[in-house]
Amino acid sequence: MEELKDLLIKIIEDSLSRLNYIFDIEEIKANFQESDSLNFGDYSLPCFFLSKKNIKNPNEIALKLGKEIEKEIKKDKNLREKIEKIEIKNSYINFFINKKELAFNLINEIEKKKEDYGKENLGKNNKTMVEFPSPNTNKPLHLGHLRNLSIGESVSRILEFYNEKVIRANLYNDRGVHICKSMLAYQKFKDELENNSENIKNKKDKEKIKSDHFVGDLYVLFSKKAKENPELEKQAQEMLVKWEQGDKEIRELWKKLNSMAITGIKETISLFNVKHDKEYFESNIYEKGREIILEGLKNGIFKKENDNSIYIDLTNKGLGKKYLLRNDGTSIYITQDIYLSKLKFDEFKINKSIYVVGNEQEYHFKVLFSILDKLKLLKKENLYHLSYGMVNLPDGKMKSREGTVVDADDLIDETKELVKEELKKRYILDEKEIERRSLIIALSAIKYMLLKTNIKRDITFNPKESIAFEGDTGPYLLYSYARANSILKKIKKLPEFKIKDLKDEEIKLLLKINEFKKTLNESYKTLNPSLIANYAYQLSKIFNEFYHACPVINSENEDFRLHLVLAFKQILKISLYLLNIEVLEEM
RNA sequence: GCCUCGGUAGCUCAGCCUGGAUAGAGCAUUAGCCUUCUAAGCUAAGGGUCGCAGGUUCAAAUCCUGUCCGGGGCGCCA
């Protein structure tokens, strides 16, 4: 395609010369554009830029130049085959490429490469760690974590598709006052929690509360109690001190609750089809990093306050003053992060580190990366904060401590139940198959909902309007896939194909399939899965239009259309794989 | 106050980087289409000061400046 573009630009250049027009080659390149409208051709050249220099009406220029180009194209056999026609519309010269040749090449390439179609070696020298979703261990995952998981996994897959070696890492924030709150509630109000079902949010199965939900319920109960009795906050702080001193009883309780939380969290992560290669625990590293800070102090990168606390002055970078060690010598959050960032590179010999973390922490990462850079420990260009927007509720932010969160497990369960109803309405299936399909469909709905919005933007999720299954949704994509499959199931062996005249719907589908590589490349460069999500939807939409306009089986063009459907199916499958959405052969 | 992200149809969002021909989808509303490959589908209609004001340009939702509104951040919290 690129070659054709260059060829055309050359022709334009020659034609302009022959007509004695004044022009600038760079201007031609800048104005020459691709188009995705069937009416305006595949490429076009607006001629306004020639108007001033040549003191002529742009329409007139387009007309003359267009004719000259047409003559030129007719002379060249290669171009004659590739360019079907050119049209002049007002000040535009529109080029229509030969779709038959495109169709032939595209379909053959997809059938040859199959699930590897679109793969590139751009990232082959990269070993990249992607860290996500790094939860706190005092509560179960919520919808915000699911967005994080969706983005982290999808980005990992996109990187792998371009041949990067990816290490998926998760950092458990398993220590701190937040855990102590759950622990304190356990000591004081455990019985109350268990005897009063109103305190238990996950009511579906009271006998067997999921372990992380139990810890989370304790946390919510703590907050409730602490409102009435502020003394509790103080006690939680005291507990943290005891924890740090290694108090045996406290440590035992901590281990117990932590393990409950982490077990439950892992179940959810695994249900979401994500598997981590490495787990870090804050409790193991929270005291580390002090040596690095002291070293930096010696080198004059950090400064000491009168009270002995240590800080870095980043005022010249607009980041202000940031403390790194307290006056009692203890670490701060960022101190351990400096340590961990370096550890990742040392342990895994990676050369790129991606942090999938919400945009509320942008300042933190700017500071972190600046410090690592100044210390010459790591280079800024190898560190990337993949920042994404918050998931909000219609009345504002989700707050764990108040219990106003959309719980991940509950959402998956509830969505699954709705899918089951839909399935029962439509098809007769045994219970096991309903279970299997409903989970896949429910997850597709949730994942797609979370990935289709540009990652930079906040999402407003309305729990009252349950997750949709129609229109721009995950199930629509799965449905389109299953539809394509049901056509292909009808034939035993794929015939050879010839391409006759193409209908608009066939051309549109071809052109959209042809866009896949470009979209994928863009999403790799920008680490933005939403581009692929939107592409998958547009592709499916065009397929459904094709489906209605062009019968396949027993049609005159059956052979070609079968191959076209197969190509569509392949591209949609790859797209969905990159979004971590599993497909169903039958809906 | 400073930094940052956003403001496009009633609602949820594409498009903006890299300016181009009538601004696109979905939901919701209305009207159609299932003896033919899966109706979780398709077709059509209505619905727009692209926050506002300037500027650059032959051409601005897109670039620049200012401004208003909203989110987030600016802790020896994590």
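1. A look at the sheet that holds strand S4 (residues 92–97)
One open sheet accounts for four strands, arranged S1-S2-S4-S3; its pairing is antiparallel. At either end of the open sheet lies a strand with only one pairing partner, and these are strand S1 (33–34) and strand S3 (83–89). Across the sheet, helix H4 (residues 58–75) lies against strand S2 (43–46), S3 and S4, angled at about 170 degrees from S3, the strand it touches most.

2. So, the nonpolar core
Ranked by internal contacts, the top residues of the largest apolar core, which has 101 residues, are Leu143, Leu146, Leu509, Ile513 and Phe560. What Leu146 contacts, discounting residues up to four positions off in sequence, is Phe272, Ala408, Leu411, Ile446 and Leu450. In terms of nonpolar packing, the next biggest core, distinct from the first, is built from 33 residues, Ile310, Ile338, Leu372 and Leu378 among them.

3. Structural notes on the domain arrangement of chain A
With domains assigned, chain A is organised as domain 1 (2–97), domain 2 (132–392) and domain 3 (408–578). Here the C-alpha centroids of domain 2 and domain 3 sit 36 Å apart. Tallying the contact residues gives 35 residues for domain 2 and 33 residues for domain 3. Of the roughly 3000 Å² buried between domain 2 and domain 3, counting both surfaces, carbon and sulfur atoms make up 63%. Interface area lost by domain 2 to domain 3 is led by Arg147, Ile158 and Tyr162, which between them contribute 21%.

4. Topic: the packing of helix H7 (residues 143–161) against helix H17 (residues 431–452)
Two elements in contact, H7 and H17, have axes whose closest approach is 9 Å; the angle formed by their N-to-C orientations is 80 degrees. On the basis of their axis angle, the class for H7 and H17 is roughly perpendicular. Residues Leu143, Leu146, Arg147, Ser150, Ile151 and Ser154 of H7 lie in contact with H17, whose contacting residues are Ile446, Lys447, Met449, Leu450 and Leu451.

5. Side note on the environment of Asn121
Within the element layout of this structure, Asn121 appears in the loop between helix H6 (99–113) and strand S5 (127–131). When its relative accessible area of 47% is taken as the criterion, Asn121 is described as partly exposed. For the pair Asn121 and Glu160, spaced 39 residues apart in sequence, the C-alpha separation works out to 9.6 Å. Engagement of the side chain of Asn121 in a polar contact is seen with the side chain of Asn163, the distance being 2.4 Å.

6. Let's talk about helix H21 (residues 530–549)
The end-to-end C-alpha distance of H21 is 29 Å, a good match for the 28 Å that 20 residues give at a rise of 1.5 Å each. Where H21 is concerned, the buried positions are Ser530, Ile532, Ala533, Tyr535, Ala536, Tyr537, Leu539, Ser540, Ile542, Phe543, Asn544 and Phe546. The inward-facing, buried residues of H21 contact H7, H17, helix H18 (474–489), helix H19 (504–514), helix H20 (516–526) and helix H22 (558–578).

7. Remarks on the packing of helix H8 (residues 177–195) against helix H9 (residues 211–228)
At a minimum axis separation of 7 Å, H8 and H9 run at an interaxial angle of 90 degrees. Of the possible angle classes, the one that applies to H8 and H9 is roughly perpendicular. Facing His178, Lys181, Ser182, Leu184, Ala185, Tyr186, Phe189, Lys190, Glu192, Leu193 and Glu194 of H8, the residues of H9 in contact are Phe214, Val215, Asp217, Leu218, Tyr219, Leu221, Phe222 and Lys225. Here the residues of the contact of H8 with H9 sort into eleven nonpolar, two polar and six charged.

8. With respect to the protein's contact with RNA strand B
Around RNA strand B lies a shell of 57 residues, among which Arg426, Tyr479, Arg483, Ser486 and Tyr547 are the nearest. Taking Arg326, its side chain carries an N or O atom lying 2.7 Å from a phosphate oxygen of RNA strand B. Note that a phosphate oxygen of RNA strand B is positioned 2.7 Å from one of the side-chain N or O atoms of Tyr476. At the level of elements, S2, helix H3 (48–54), S4, helix H15 (362–374), helix H16 (408–426), strand S15 (459–460), H18 and H21 are the ones that each hand at least two residues to the surface near RNA strand B.

Criteria and cut-off values
- Residues numbered from 1 in each chain as written.
- Chains lettered and ligands numbered in written order.
- Predicted model: local features only at pLDDT ≥ 70, side-chain atom pairs only at ≥ 80, totals over all residues.
- Heavy atoms only, no water.
- Pairing = 2+ DSSP bridges.
- Helix = DSSP H or I, 4+ residues; strand = E, 2+ residues; numbered from the N terminus.
- Contact = heavy atoms within 4.5 Å.
- Axes fitted to C-alpha atoms, helices over the stretch in contact; angles between N-to-C directions.
- Core = buried A, V, L, I, M, F, W, Y, C linked by side-chain atoms within 4.5 Å.
- Buried < 20%, exposed > 50% of the residue type's maximum accessible area, 1.4 Å probe, protein only.
- Domains from an automatic or database assignment.
- Buried area = accessible area lost by both parts, 1.4 Å probe.
- Parallel < 35°, antiparallel > 145°, perpendicular 65-115°, else oblique.
- Polar contact = N/O pair within 3.5 Å; in protein donor to acceptor, adjacent residues only side chain to side chain.
- Expected span 1.5 Å × (residues − 1).
- Nonpolar A, V, L, I, M, F, W, Y, C, P; charged D, E, K, R; others polar.
- Near = heavy atom within 4 Å.

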